[in-house]
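Commentary on secondary and tertiary structure
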Amino acid sequence: MIEINICCSATTENLPYLTHMVEQTLLQEIVEEHREIAFAIHEALINAVEAVRRDHTYNVGFLTLHLKITEQEVYVSVTNSGSAYSRYEAEYMLNQDMLQVLHQDCGRGFLFMQALMDEICIENLDNRKAFSVIMRKFRKKKEG
């Protein structure tokens, strides 16, 4: 098992570092579908940075990445200090299809996350002052 927690400024400059760290960790732990999982996490990180940028005009907000890899699953939580989605907005985004979001400003990242991970949910935190995207990918049992 490996578990990583990183809290940093939610800036585009931090995205390459975080994405590289995730990819290398998944490779080290010999996770099947590591590219797909890393892409889903990258999309969640981009969404976090965009949410913070939208809500923090004069100061930089934060994002927290929690990655836990066990024999059973890959668990990911990306939390940011951007304003949270209402339950209706979260359900709406998670129930879209590609044709519905093709020409919209947002929503495609959630589609990728849903397609690549086994579970995804959005949780509001701190009275809607922050939110988390939580994802799980279940690992296949080794045969033999």
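Below is a summary of the structure that appears in this document. (Residues numbered from 1 in each chain as written. Predicted model: local features only at pLDDT ≥ 70, side-chain atom pairs only at ≥ 80, totals over all residues. Heavy atoms only, no water.)

Things to note about the pattern of salt bridges
Applying the stated criterion across every chain, the model contains 4 salt bridges. Salt-bridge contacts for Lys137 lead to Asp118; the nearest nitrogen and oxygen are separated by 3.8 Å. Pair noted here: Lys137 is in strand 5 (residues 130-138) and Asp118 is in the loop between helix 5 (108-116) and strand 4 (119-125), with a separation of 19 residues, a long-range link. What makes Lys137 buried here is its relative accessible area of 11%. A salt bridge links Glu119 to Arg136; its shortest N-O distance comes to 3.8 Å. Residue Glu119 is found in strand 4, and its partner Arg136 is found in strand 5; the two are separated by 17 residues along the sequence. Taking the relative accessible area as the measure of exposure, Glu119 reaches 37% and is therefore partly exposed. Arg136 gets classed as partly exposed once you look at its relative accessible area, which sits at 27%. Within this structure, Glu33, Asp118 and Lys137 form a network of salt bridges that share partners. (Salt bridge = Lys/Arg side-chain N within 4 Å of Asp/Glu carboxyl O. Helix = DSSP H or I, 4+ residues; strand = E, 2+ residues; numbered from the N terminus. Buried < 20%, exposed > 50% of the residue type's maximum accessible area, 1.4 Å probe, protein only.)

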